Amino acid sequence: MTFRVVIAGVGGQGVLVAARVLGSAARYADFDARVGQLHGMAQRGGSVEGTVVIGRGSTAFIGPGDADVVLGLEPLETQRALPRMSDRTEVLMNERPVALATLTQRGVEYPELGTILQRVRGVTERVHTLDARSIAERAGSPRTLNVVMLGLLAGLDFLPFVENALARAVDAQSPERLVDINRRAYQLGRESAAGTRGVAGS
Amino acid sequence: MGEVSVDNKSDEKSRSERPVDPLIVDREGHAAFILGNEAIVRGALEAGVAFACGYPGTPSSEITDTFARLAPQLGITFEYSINEKIALEMAFAASLAGARSIVAMKHLGLMYAGDPLATIPYIGTVGGMVIVSAGDPSCMTSPNEQDQRPVASMLHIPVLDPGTAQEALELTRFAFELSERSHLPVILRPTTRVCHTRAEVTFGQMRKREVRGFTRDPSHLVPIPAHARKLRAEVDERLEIARDELRRSGFLRRSGNAKTMIVAAGVPAAVCADILREQDCDDSVSLLRLGAPFPLPESWLVEELQRVDRVLVVEELLPFVEDTVLRLCAQNALRVDVFGKRTGHLPTRYEYTPELIGAAMHDALGIDYAPATPTEHVPTPVRAPTLCAACPHRGAFFAARAAFGNDVLFFNDIGCYTLGFGEPLDSADALLSMGAGFTLAAGVSRTTGQKTVGFMGDSTFFHSGMPALLNAIKEGVDMVAVIMDNEVTAMTGFQESPSAEIEKGRIQRRVDLAGVVRALGAERVEVVDPNDLAVTVAAFRKARETEGLSVIITERPCPVFTQRIGDAAVMEEPCQSVEAKAATTYTIDHDLCQHCGRQACGHRCGQSATHAFEQAMARARSLENGVPVAPVEVAPCASACPLFLCVQGYAAHIASGDYAAALELIMAGLPLPSSVCRVCHRPCEVACVRADQDEPVAINDLKRFVVDWADAQEEFPYAPTLEPEHGRHVAVVGAGPCGLAAAHELRLRGYAVTVYDSDAEPGGLLLTGVPRYRLPLDVLRRDVARIRATGVEFVGERRLGGDLHLDELVEQHDAVLLAIGTSRSRSLELDGPDGSEGPELVDALAYLRSSRGSGAATGRHVVVIGGGNSAIDSARTALRSGAERVVIACLESRAELPAIRSEIAEAAQEGIEIRTRVCAVRRTADGIELVGVEPRVEGRFDPDNFQPVAGTENVVPADQVIVAIGQTVDRAAFGNGNTLDWHDGRLAVDSTTLATPRRGVFAAGDLAPGDGTVTGAIATGLRAAWGIDRAMRGNDAADRRPPPPPARASAGSVRPGVERIDRAGRQRPPELDEAARRSSFDEVTGTLDEASARAEAARCMICGACGNCRSCIDLFGCPAFFVDGNKPQISEDLCVACGVCAQFCPNGAIKPVEVEA
């Protein structure tokens, strides 16, 4: 069994941290895991992608159609991960966009959220969206958005290991002053899973 | 949880204990989840490394970063060397000193260190020496991808290729052994995928560090030629030792015994193993994994090849191993099919993905690998990497482009600032390698003689920019060297730079950068804060104006770094106000942002923003104004213009070289541009704020430059858009500027238009009243032709009140516009001798008409009575028609003269005498008697207000007297006129729509109340067309093209606080010399040349707001800005309140705000 998760987002959203946490969680659950990161020249605001491959193997590549889960921290970045999706991919998407900064001048417009969703649904019906940003703010900081998304992943119960491992990994990777706030974010994300299921069926 | 503790806490440890770094857990068999780069460090620790150094470069940076963190607690000597050559030499010195040493860099660095690298194998290492040279297939973070293996083999240096984190650890540990046994340095060559993949790695035992000390051995350590020749043979012996070691190492290993074999190295070897396992091919295909592609033990490899009949070689980049395999097969006559790059199954560039390798395995070996069917491609906008919000480099680039304009070449370098490349900062015309920002700039400057600008960061400057700068100083190159000092190596993850170090959480200066630059011999060195735009722009301007080499150091710490280390102190400045100091973010006031006072009239400028336009705009604002001052809604020039032309808009377009866009702005509001730019009375120039500073912008000359440019094009580069015809027909009576403008405007609105005129040719006063030296006939005809081309019908030689009757016109058309102007001269009764004696008395209109603008029957001595334009025109026409002496006599003082200033000045220049405050009393036999007058009430102009001053009578000799004391309407043209009202000699009209009381009849131009100018008459023509449209089609349809609002002479053109930094004087068009003027009707004033026009346009201070401005988005490129709907916005999340945007916002719309966290 190999379980592959693409985590897509924008620099500053905590993509790589989320990938590392998920990788450690797999290890807590006694799974082999590898975490890849592509950040290149992306400074704050650029596209960042993390890959987590759980199970036997040597690399963290996730090829076309190979993602079991796409954890989209941002809508457009979720769309960017389309080639890695197939009809069995579970797509978890934060529906709050990060605007395209200066690019709009060249006639490049941020697509409508509906258009992005339509494109994703063209590949897989298993789409779960939520306003993770608001939930993160409710947890105490917009910067916990990545933890909210991990909580959602746990709540939807797609992982091949017990959810407790992920909660433990979140704790272990949190700096002391952020433990509580991250726990709250994780919990709120987990609870919101129920609310997103309806979206998948629609 | 964007933040995670920097110290990588062990997962297993309880958080109350002092954390032990997981990398230094000294327990064999311990497993940790670490990056490939960390595994390399662990491998070195297990090998007992005693010295580590390097220069950061993605993807190798975490190696040096990890050493930086661990070295102090392990007693390892570590440094971030200033460049790779230094680093390599330091590591070699440590090896000579008997220590195991490691040096890390990216692939590019290896080439930089090539000089010492080539000789080290000759001298030989003592302590094991490992060179990590991280590769980057697919150029993910590099300007090239390179295969270090051919270089290594050329220099006789063994190469190890890890494919996983575990291999990275093991090969690093082994590399020290290999180096020590062979006395060769060893290159470890991980790629991005290995460096940046986190995986479980099992540790070995840590080994004690050892420093054996330096042993003198000159015959080996000093490679003078005699020694070198001997050492060359030793190199070969060393390489043979390395070959043997590799054969025995276990890093060249085969799995399986099949007749088909894959030979692979690095990451592809790991991928191949995964695919074979997943496809269950372990039995049918064996895998030969090469942990070391060089030097391969050849006899062993031949043995391996003898066992098989098919081989697929899988290695990234060049066919290095493949060619060795092919050669060995040939040399040993092996019957083996070798597949790989040479057979076209694999490419020689870019990273190998599992799909690509799987496809090759399928195609070459028939392995059952089915790639997923790709989903339909959906184009997704790229989030191009961009300089962070608040990045000080942005201010530096912005200011540099502002000061230098678009024509100066900018050369960039390797670092964050590379992101200045492309729009909107456009700060990289070329890029090569570390330090080349200065050499490229210097080389181009020396070759072409152009001034150039080179940019690099502080770390890059210390890396290899110092010699480049010294070289430029030595040659006295005409260039600007910009060192962008952010006190840290930001690009690769905030490694220290020689310029600063962190002490107690604060950045402390270490090396005095400016001192170094001065010590190199630079004479002009300026240090500025790039977030202070005015100062930075001024520094760049000074450098632009000074010949030779200038150095500008832009100094401000990287805000991301200071935030990370918690040094808040540095973000406080610069601030423009107390308000800004407290700001946590900035916001855009949209009332100011997109408001230019043209909304009510539907954005008349109709101009979509272009990059160059905004560039000119923003520059003018940030640069011309010493202090930021909020602009007025409408620039005073536009307010004063009867046509409400967007002067600052076309000036900005001219400054940026976009003449077509400038033309579009002019044509949108002015249907007779060629004529008006020659005869306008220029109220705009009187209102210009610059008038108060030095001289007004030459607005009319700018307009003329554009229009003449357009006329010179093969096809006139503007065509108006006409609404579809709707069948309504308007008669316009009078083909002067007002009638023509109205006719054109009515055509745009979809009306059929017939213009009647008493003359045979359209033009009215422009044709018969304005002399040719002001307005050449062909110029007027161009305007007329353009108007007629829109479909306006012209019927000549029909006179209202003669063969043309108002009642008939009203009957035959849906509406009638009367625009026949004032065709009668006021007459002057002067007593004098009867009959043929005494000077002839003619009226100015008749005189000018008889001249048709180019010569009339004229006496020897001419006196012109009057002070308006027709007086000046008559006088100058008389001069050109052969008069020996021309005198103008008028009641007004010089300052009160109503004629256009420049016309008066030119007349005086041509030798025309102007006698002011005089009154003509009577004719004499040979002249005219004048008497001095004084006003009864000061400041009021009315002929009755003047009384003669006794004793000032004198006679001016004259044989012709031209009377130019004003014109009146020829009321006879209107027949009984019972349906029209008159007021003050003009037709009474509704001041908004210009409708007369008679239904369907409108009046405009001099026939209705107005300012008596050509431009003013055109404005009323446009207004009347709108009025007609309102009456015909209703307000909604008509208001789609509103008329220019009534002109307001701006009293408030003085703008307190506005200062000019650039003191470039007004450009002047060429003029005909005086002798030529006296004898011909050739045009006196010429057109500005292109360079002067652009320079003059750049003098415009853009003092009004612009509704089309998006400078913040399109020019500054801060990622905190985004567009929501049509409005620029600032993201609270990304804005860190640096306040630089507020310094240049052309509309003064960006404001600091305090947002509660």
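Every value quoted in this text rests on a predicted model; they were computed, and no experiment measured them.

Secondary structure summary: chain B contains 42 helices and 42 strands in total. Over its C-alpha atoms chain B spans a radius of gyration of 42 Å, topping by over 25% the 32 Å that the globule rule assigns to 1157 residues. Dimensions of chain B along its principal axes, counting C-alpha atoms only, are 135 × 65 × 60 Å. Taken across its 1157 residues, chain B has 58% of its residues classed as buried.

Let's shift gears to the confidence of the model for chain A. On average, residues of chain A score 89 in pLDDT, and 90% of them reach the 70 mark or higher. Overall, residues 197-202 of chain A carries pLDDT values under 50, and its contacts beyond four positions in sequence, including any with other chains, amount to 10 contacts.

Our focus in this paragraph is the environment of B:Ser138. All names here are of chain B. Summarising the element assignment, Ser-138 is placed in the loop between strand S5 (129-134) and helix H6 (148-154). Given a relative accessible area of 28%, Ser-138 falls into the partly exposed group. Apart from residues lying up to four places away in sequence, Ser-138 is in contact with Glu-145, Tyr-350 and Glu-351.

For the rest of this paragraph, the subject is the domain arrangement of chain B. Residue and element names in this part refer to chain B. Split into domains, chain B comes out as domain 1 (23-238), domain 2 (252-365), domain 3 (392-569) and domain 4 (824-968). Centre-to-centre separation of domain 1 and domain 2, based on C-alpha positions: 27 Å. Opposite the 24 residues of domain 1 that make contact, domain 2 presents 22 residues. Together, the buried faces of domain 1 and domain 2 total about 1700 Å²; carbon and sulfur atoms form 61% of this surface. Summed over the shared surface of domain 1 and domain 2, the result is 4 salt bridges. Here Glu-315 and Arg-149 are joined by a salt bridge, their closest N and O atoms 2.7 Å apart.

What follows covers the interface of chain A and chain B. Contacts between chain A and chain B engage 72 residues on the former and 63 residues on the latter. Summed over both sides, the interface between chain A and chain B buries roughly 5800 Å², with carbon and sulfur atoms accounting for 56% of that surface. Inspection of the chain A/chain B interface yields 3 salt bridges. Linking A:Glu77 and B:Arg383 is a salt bridge whose minimum nitrogen-to-oxygen distance equals 2.5 Å. Viewed at the interface, chain B and chain A are joined by 10 residue pairs in polar contact (both at pLDDT 80 or more). For the side of chain A that touches chain B, the secondary-structure elements that each account for two or more residues are strand S1 (2-10), helix H1 (15-28), strand S2 (33-38), helix H2 (75-80), helix H5 (145-156), helix H6 (163-173) and helix H7 (179-191) of chain A. Per-element accounting of the side of chain A that touches chain B gives the leading share, 7 residues, to H1(A). Of the residues in the side of chain A that touches chain B, the class split is 30 nonpolar, 24 polar and 18 charged.

All names here are of chain A. Between H1 and H5, whose axes approach to 9 Å, the crossing angle comes to 35°. For the pair H1 and H5, the sense of crossing is right-handed. Counted together, Val-17, Ala-18, Val-21 and Leu-22 of H1 and Asn-146, Leu-150 and Leu-153 of H5 form the full contact between these two elements.

Backbone-to-backbone hydrogen bonds join strands into a sheet, with any given pair of strands oriented parallel or antiparallel. The strand order across the open sheet formed by 8 strands is S6(A)-S5(A)-S4(A)-S1(A)-S3(A)-S2(A)-S8(B)-S1(B), and the pairing between neighbours is mixed. Each having just a single partner strand, strand S6 (127-130) of chain A together with strand S1 (31-35) of chain B make up the two edges of the open sheet. Taking each pair of neighbouring strands and ignoring which way they run, the sheet shows an average axis angle of 15°. In terms of strand pairing, strand S5 (residues 90-94) of chain A meets S6(A) through 4 bridges, oriented parallel. Within S6(A), the residue paired with A:Leu92 across the bridge is A:His128. Lying on the sheet, helix H1 (residues 36-46) of chain B is in contact with S1 and strand S8 (197-202) of chain B; it crosses S1(B) at an angle near 120°.

A few words now on the environment of B:Leu409. Residues and elements named next belong to chain B. Looking at the element boundaries, Leu-409 is found in strand S14 (residues 409-411). Taking C-alpha positions, Leu-409 is 39 Å from Ala-91, a pair spaced 318 residues apart along the chain. Once you skip the residues sitting within four places of it in the chain, Leu-409 turns out to touch Asp-429, Val-444, Gln-450, Thr-452 and Val-453.

What follows deals with the side chain of B:Asp1006. Residue and element names in this part refer to chain B. As for its position among the elements, Asp-1006 is in the loop between strand S39 (1001-1003) and helix H37 (1014-1033). The side chain of Asp-1006 is buried and forms no salt bridge, while Arg-986, the nearest opposite charge, is found at 4.6 Å. Not counting residues up to four positions away in its chain, the partners in contact with Asp-1006 are Gly-821, Thr-822, Val-969, Arg-986 and Gly-1012.

Turning our attention to the packing of aromatic side chains. One pass over the full model with this rule turns up 16 aromatic pairs over all chains. Between the aromatic rings of A:Phe31 and A:Phe161, the centroid separation amounts to 5.9 Å while the plane-to-plane angle is 50°, which identifies the pairing as tilted. Of this pair, A:Phe31 sits in the loop between H1 and S2 while A:Phe161 is found in the loop between H5 and H6, placing the two residues 130 residues apart along the sequence. Among the residues examined, A:Phe161 registers a relative accessible area of 7% and is labelled buried. Seen in terms of ring centroids, B:Tyr659 and B:Phe705 are 5.0 Å apart; in terms of plane orientation they differ by 85°. Their pairing is edge-to-face. Of the two residues, B:Tyr659 sits in helix H26 (residues 659-667) while B:Phe705 sits in helix H29 (residues 699-712), which places them 46 residues apart along the sequence.

What follows deals with helix H10 (residues 225-249) of chain B. Each α-helix winds once per 3.6 residues, and so residues spaced three or four apart point in a common direction. Residues and elements named next belong to chain B. Under the 1.5 Å per step criterion, the end-to-end length of H10 is 35 Å for 25 residues, consistent within 8% with the ideal 36 Å. At Leu-231, H10 is deflected by roughly 25°, the largest bend along its length. Every buried residue of H10 is listed here: His-227, Ala-228, Leu-231, Val-235, Arg-238, Leu-239, Ala-242, Arg-243, Glu-245 and Leu-246. Against the buried residues of H10 lie helix H5 (114-123), strand S6 (159-160), helix H7 (165-182), helix H9 (218-221), strand S9 (252-255) and helix H12 (298-306).

Calculation notes
- Starting from 1, residues in each chain are numbered consecutively following that chain's sequence as written.
- By the order in which they are written, chains take letters starting at A while ligands take numbers starting at 1.
- Only residues with pLDDT of at least 70 get local features here, since the model is predicted, and only at 80 or more are side-chain atom pairs given and counted; chain-wide, interface and lining totals rely on the full set of residues.
- Only heavy atoms go into the side-chain values, all of them from the structure, while hydrogens and water stay out.
- Working definition: helices are DSSP H or I runs of at least four residues, strands are E runs of at least two. Numbering for both runs from the N terminus.
- C-alpha atoms define the radius of gyration in this analysis, and the globule rule sets the expected value at 2.2 Å times the number of residues to the power 0.38.
- Note on classification: 1.4 Å probe, protein chains only; a residue is buried when its accessible area is under 20% of the maximum for its type, exposed when over 50%, partly exposed between these limits.
- pLDDT measures how confident the predictor is about each residue, on a scale from 0 to 100.
- Only heavy atoms enter the contact rule, under which two residues are in contact if any of them lie within 4.5 Å.
- The source of the domain bounds is an automatic or database domain assignment.
- Here's the idea: put two parts together, see how much 1.4 Å probe accessible area each one loses, and the total over both is what we call buried area.
- Any Lys or Arg side-chain nitrogen located within 4 Å of an Asp or Glu carboxyl oxygen qualifies as a salt bridge.
- As used in this structure description, the phrase polar contact means that two N or O atoms lie within 3.5 Å; if the pair is within protein, one of them must be able to donate a hydrogen and the other to accept it, and residues adjacent in sequence are counted only when both atoms belong to side chains.
- For this classification, the nonpolar set comprises Ala, Val, Leu, Ile, Met, Phe, Trp, Tyr, Cys and Pro, the charged set comprises Asp, Glu, Lys and Arg, and every other residue, Gly included, is treated as polar.
- Angular values range over 0 to 180 degrees, each being the angle between N-to-C directions of two axes fitted as lines to C-alpha atoms, with helices fitted over their stretch in contact.
- Crossing handedness: left-handed means the near helix sits turned counterclockwise from the far one by under a right angle, and right-handed means the same turn made clockwise.
- Any two strands with at least two DSSP bridges between them are considered paired.
- By the counting rule applied here, Lys and Arg register as positive and Asp and Glu as negative, while His and the ends of each chain are not counted.
- Here the aromatic set is Phe, Tyr and Trp, taking the six-membered ring for Trp, and pairing holds for ring centres within 6.5 Å; pairs whose planes are under 30 degrees apart are stacked, those over 60 apart are edge-to-face, and all others are tilted.
- Any helix carries an expected span of 1.5 Å times its number of residues minus one.
- What the bend at a residue measures is the angle between two axes, fitted to the seven residues ending there and to the seven starting there.

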